Amino acid sequence: MGKRRGRIALLLALFLALALSACGGEEEPRTIRVGVALYLQDDTFISTIAQHLQQMVMEEEQARGVKINLSIADGRGNQSVQNEQVDRFLDRDCDVICVNIVDRTAAAVLIDKAQAAGVPIIFFNREPVEEDLNRWERAYYVGSRADRAGRLQGELVLDAWRFSQEELDRSGDGVLQYVMLEGEPGHQDTLMRTEYSVRALVSAGVPVEKLANNSADWQRGQAKMRMQQWLDELEGPIEVVFANNDDMALGAIDACLEDGIPPEEMPFIVGVDATPPALAAMAEGTLKGTVQNDARGQAERILELCFDLASGAEPSPEKITDGHYVWLWYTAVTSENLAEFLP
Ligand code: BGC
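Residues numbered from 1 in each chain as written. Predicted model: local features only at pLDDT ≥ 70, side-chain atom pairs only at ≥ 80, totals over all residues. Heavy atoms only, no water.

Trainee: How do you make sense of the site of the ligand when you look at a structure like this?
Mentor: Taken together, Tyr 39, Asp 43, Phe 45, Asn 125, Arg 126, His 187, Asp 189, Arg 193, Trp 218, Asn 245, Asp 273 and Asn 293 make up the full set of residues adjacent to the ligand. With respect to the ligand, the side chain of Asn 125 contributes an N or O atom lying 2.6 Å from an oxygen atom. At 2.8 Å, a side-chain N or O of Arg 193 approaches an oxygen atom of the ligand. Here the ligand has 310 Å² of accessible area as a free molecule, and 99% of this is covered by the chains. Residues that form the shell around the ligand fall into these classes: three nonpolar, four polar and five charged. Composition of the shell around the ligand by domain shows at least three residues from each of domain 1 (31–144 + 294–329) and domain 2 (147–292). (Near = heavy atom within 4 Å. Polar contact = N/O pair within 3.5 Å; in protein donor to acceptor, adjacent residues only side chain to side chain. Areas by Shrake-Rupley, 256 points an atom, 1.4 Å probe, with all protein chains shown as cover. Nonpolar A, V, L, I, M, F, W, Y, C, P; charged D, E, K, R; others polar. Domains from an automatic or database assignment.)

Trainee: Would you mind showing me how to read unusual backbone geometry here?
Mentor: Excluding glycine, residues mostly carry a negative phi; peptide bonds, for their part, are mostly trans. The backbone phi angle of Arg 76 is positive, close to 50 degrees, even though this residue is not glycine. The class of Arg 76 is exposed, set by a relative accessible area of 56%. Positive phi, close to 55 degrees, is recorded for Asp 217, a residue that is not glycine. Along the chain, Asp 217 falls in the loop between strand 7 (208–215) and helix 9 (220–233). (Buried < 20%, exposed > 50% of the residue type's maximum accessible area, 1.4 Å probe, protein only. Helix = DSSP H or I, 4+ residues; strand = E, 2+ residues; numbered from the N terminus.)

Trainee: When you look at the sheet that holds strand 7 in this model, what are you seeing that I'm missing?
Mentor: Each strand in a sheet pairs with its neighbour through backbone hydrogen bonds, running either in the same direction (parallel) or in the opposite one (antiparallel). Spatially, four strands are ordered 7-6-8-9 in an open sheet, and the strand pairing comes out parallel. Strands at the two margins of the open sheet, each flanked by one partner only, are strand 7 and strand 9 (268–270). Neighbouring strand axes in the sheet, compared pairwise and without regard to direction, differ in orientation by 15 degrees on average. As judged from the seven bridges shared by strand 6 (residues 176–182) and strand 7, these two strands associate in the parallel manner. Directly across from Met 180, in strand 7, lies its bridge partner Asn 213. Relative to the sheet, helix 6 (residues 146–163) contacts strand 6, strand 8 (240–243) and strand 9, its axis offset from that of strand 9 by approximately 160 degrees. Helix 10 (residues 246–258) contacts strand 6, strand 8 and strand 9 of the sheet and is inclined by roughly 150 degrees relative to strand 9. (Pairing = 2+ DSSP bridges. Axes fitted to C-alpha atoms, helices over the stretch in contact; angles between N-to-C directions. Contact = heavy atoms within 4.5 Å.)

Trainee: I tried to follow the environment of Gln 228 on my own but got confused; where do I start?
Mentor: The topology assignment puts Gln 228 in helix 9. Sequence separation between Gln 228 and Ala 255 is 27 residues; the distance between their C-alpha atoms is 5.4 Å. Sequence-distant contacts of Gln 228, that is, excluding residues within four places in its chain, are made with Ala 255 and Glu 258. A polar contact is formed between the side chain of Gln 228 and the side chain of Glu 258, at a distance of 3.0 Å.

So this is what it looks like as structure tokens:
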């Protein structure tokens, strides 16, 4: 009798479990698949965006009760490698693909593949040309206005010139002698930051003289080498170093330190990004200013757009400019507001 009761109880429990799962009592959370293709995972700024994405995905899973399957691929600076990675994301039925494209003139191929598969595509940080983005209404770009970073960087130097010209103008000739450490050739941020930083000074009437410029490909080590060469070869003092990003500004500082130049005698060195090591250099006084490239904000916008697109919804028009663009702002970081940016 006892055995029989036990069997009945077991059957009842099984029946209940089946009934509950059938009416959704233990429903599986919805899974969103997002593929992220990076141009180069080693890049300091890009790896910061990737870390924010990973962190936010965990937070959003909790908050929204969904499962987010985030795959990150490193394109290692090679467009064919990246194209294959995107193919793989499409084969694996990703709901959205995010691309930090290696070669920003090569977006058409990826947009066409995404369109053929009906999978929305979000570019970020490396801006495709406009005609390519216009190929499909579900192709987007998340990034910051490249000219603004240049202008803000130029204004950091302009302020220093206005308030302590005698400190900046070491040669005392009334002209600001500068060198330009450029990022990767052809990158929108290299072109615009280089142009608009100097333009901010020229349009304010500051006489400037370019002593040298060269690409250091966004990299600290290369920038150090360029700066070492300029310190050895250039006659007269370098008064300002414009670096298109912080890693290169840090490379210029490395070269000065190795050359035995104490921080108070270094040129006025400015960067862009506000990466943690750059903020630390500002706190030490070797880096004079930077412009925040909002990595966290970009990751947030990318993810927000992924949720909208994965749910099949059209992103609301106030979030999108000209049908394709999500723009973020840059902010200048000076010794006065540094504390707001420190981790
Ligand atoms: C950043 C650089 C970075 C580059 C990569 C720029 O916006 O300022 O630090 O290397 O993007 O595409």
